[in-house]
Amino acid sequence: MTIDAEAKMQFLFALRSRGVMDKRVLEAMEKIDRGAFVKGLFAERAYEDMPLPIACGQTISQPSVVGLMTQALRVEPRHKVLEIGTGSGYQAAILSQLARRVYTLDRHRRLVAEAQAVFDKLNLTNITAMAADGTRGLPEQAPFDRILITAAAEDPPGPLLNELKPGGIMVVPVGQSDAVQVLIKVTRTETGFDYDELRHVRFVPLVEGMSGD
Ligand code: SAH
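Every value quoted in this text rests on a predicted model; they were computed, and no experiment measured them.

Student: Got a minute to help me understand helix H5 (residues 109-121) in this structure?
Tutor: End to end, H5 covers 19 Å across 13 residues, agreeing with the expected 18 Å (1.5 Å per residue, within 8%). Taken residue by residue, H5 has Leu 111, Val 112, Ala 115, Val 118 and Phe 119 as its buried positions. An end-on view of H5 places all buried positions within 125 degrees of arc, on one side of the element. Those residues of H5 that are exposed and angled more than 90 degrees off the buried face are Asp 120 and Lys 121. Considering only its buried residues, H5 is in contact with helix H4 (90-96), strand S4 (101-106) and strand S5 (127-131). Note on H5: the residue one or two positions beyond its end, Asn 123, has a positive phi of about 60 degrees.

Shown next as structure tokens:
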């Protein structure tokens, strides 16, 4: 499906009006077609600023939230980025436009396989998608310049904080899964971690262990 000009204009307008101002982030979101990541019944709503259901009972995040999280992450072209929660693959695809390499993990094998198929179709060759429990991090590729968690944790998982480089940034929604959560930006300093609260969000929960599908 190709994105028509009017839907695309409205999509970008919604992002700007909700505070996505970073030029590189807006360019990435203009280039990567969200419609490629939404299947079936909901595909025609891909350019609305709404979260939508995907397979395995999960959701593709609201585009403006994707934009605001990506903007808060301050990704630079030489960065190696880890995303926890591949879901549809949309967020990883946006990150792939901004970073040198993106690793993305999901506990649902099916979601990883479907996202990989879209990455192949769009020729996004700097993304490595893996079926794994993200709460344990990805020690074989650590440390990372940036870590983005796209599922809500009660606290930022310790193994992931340890995989952040000094000066590195993690963005993570924190709070109970059935309540409003707070998006937190964690910056690793030479001596510890600084925490900033960004805004309220609502994400599906970060769940320990692999899923059966
Ligand atoms: N970033 C996605 C949306 C993520 S929805 C997108 O752009 O579409 C949250 C995802 O986190 C779900 O797919 C869920 O399976 C995954 N998840 C939850 N707990 C996880 C864990 N421990 N490790 C890896 N993935 C996890």
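Student: Can you walk me through the site of the ligand in this structure?
Tutor: For the ligand, the set of nearby residues contains 28 residues, the closest of which are Gly 85, Ser 88, Asp 106, Gly 134 and Val 207. Arg 107 is positioned with one of its backbone polar atoms (N or O) 3.2 Å from a nitrogen atom of the ligand. Asp 133 is positioned with one of its side-chain polar atoms (N or O) 2.9 Å from a nitrogen atom of the ligand. Of all the elements in the fold, those that place two or more residues in the shell around the ligand are strand S2 (59-60), strand S3 (80-84), H4 and S4. Classifying every residue of the shell around the ligand by side-chain character gives 11 nonpolar, 13 polar and 4 charged.

Student: In this structure, what is going on with the nonpolar core? I would like to understand it.
Tutor: In globular proteins that are soluble, nonpolar side chains generally tend to be buried together. Counting residues in hydrophobic clusters, the biggest one holds 51 residues, and the most contacted among them are Phe 37, Leu 73, Tyr 90, Phe 119 and Val 171. Only helix H1 (5-17), helix H2 (23-31), helix H3 (63-73), H4, H5, S5 and strand S7 (164-174) provide two or more residues apiece to this core. Ranked by residues supplied to this core, first place goes to H3 with 6 residues. In contact with Phe 119, not counting residues within four places along its chain, are Phe 37, Gly 89, Ala 92, Ala 93, Thr 104, Leu 124, Ile 127 and Ala 129. Core analysis: the second largest hydrophobic core is formed by 19 residues, Tyr 103, Leu 138, Val 172 and Val 182 among them.

Student: How should the pattern of salt bridges be read in this particular structure?
Tutor: Should their charged atoms come close, side chains of opposite charge can pair. For the structure shown, the criterion picks out 7 salt bridges. The closest approach of N and O atoms between Arg 45 and Glu 48, which form a salt bridge, is 3.3 Å. For Glu 48, a relative accessible area of 33% corresponds to the partly exposed category. In this structure, Asp 145 engages Lys 165 in a salt bridge whose closest nitrogen and oxygen atoms are separated by 3.0 Å. Here the residue Asp 145 occupies a position in strand S6 (residues 144-149), and Lys 165 occupies one in strand S7, the gap between them amounting to 20 residues.

Student: Can you help me understand the environment of Gly 57 in this one?
Tutor: As for its placement among the helices and strands, Gly 57 is situated in the loop between strand S1 (52-53) and S2. Look at Gly 57 and you get exposed, because its relative accessible area is 66%. Note: C-alpha distance between Gly 57 and Val 204 (147 residues apart in sequence) is 9.3 Å.

Student: How should the sheet that holds S4 be read in this particular structure?
Tutor: On the basis of which strands lie adjacent, the open sheet formed by 7 strands has the order S5-S4-S3-S6-S7-S8-S9 and mixed pairing. Because the sheet does not close on itself, it has two edges, and the strands there are S5 and strand S9 (193-201). Strand-to-strand twist in this sheet, taken as the mean axis angle between neighbours without regard to direction, amounts to 15 degrees. Bridge count for strand S8 (residues 181-188) against S9 is 8 bridges, and the pairing is antiparallel. Its bridge partner lying in S9, Val 186 is registered against Tyr 195. Across the sheet, H3 lies against S3, S6, S7, S8 and S9, angled at about 160 degrees from S7, the strand it touches most.

Student: It is not clear to me how unusual backbone geometry should be interpreted in this structure. Could you clarify?
Tutor: With the exception of glycine, the majority of residues adopt a negative phi angle, and the majority of peptide bonds are in the trans configuration. Cis geometry is found at the peptide bond from Ala 142 to Pro 143, where omega equals 0 degrees. Tracing the backbone through its elements, the reader meets Pro 143 in the loop between S5 and S6. In this structure, Arg 74 is a non-glycine residue whose phi angle is positive, near 50 degrees. Relative to the helices and strands, Arg 74 resides in the loop between H3 and S3. Residue Arg 74 is classed as exposed on the basis of its relative accessible area, which comes to 55%.

Criteria and thresholds
Residues numbered from 1 in each chain as written. Predicted model: local features only at pLDDT ≥ 70, side-chain atom pairs only at ≥ 80, totals over all residues. Heavy atoms only, no water. Helix = DSSP H or I, 4+ residues; strand = E, 2+ residues; numbered from the N terminus. Expected span 1.5 Å × (residues − 1). Buried < 20%, exposed > 50% of the residue type's maximum accessible area, 1.4 Å probe, protein only. Arc of directions from axis to C-beta. Contact = heavy atoms within 4.5 Å. Near = heavy atom within 4 Å. Polar contact = N/O pair within 3.5 Å; in protein donor to acceptor, adjacent residues only side chain to side chain. Nonpolar A, V, L, I, M, F, W, Y, C, P; charged D, E, K, R; others polar. Core = buried A, V, L, I, M, F, W, Y, C linked by side-chain atoms within 4.5 Å. Salt bridge = Lys/Arg side-chain N within 4 Å of Asp/Glu carboxyl O. Pairing = 2+ DSSP bridges. Axes fitted to C-alpha atoms, helices over the stretch in contact; angles between N-to-C directions.

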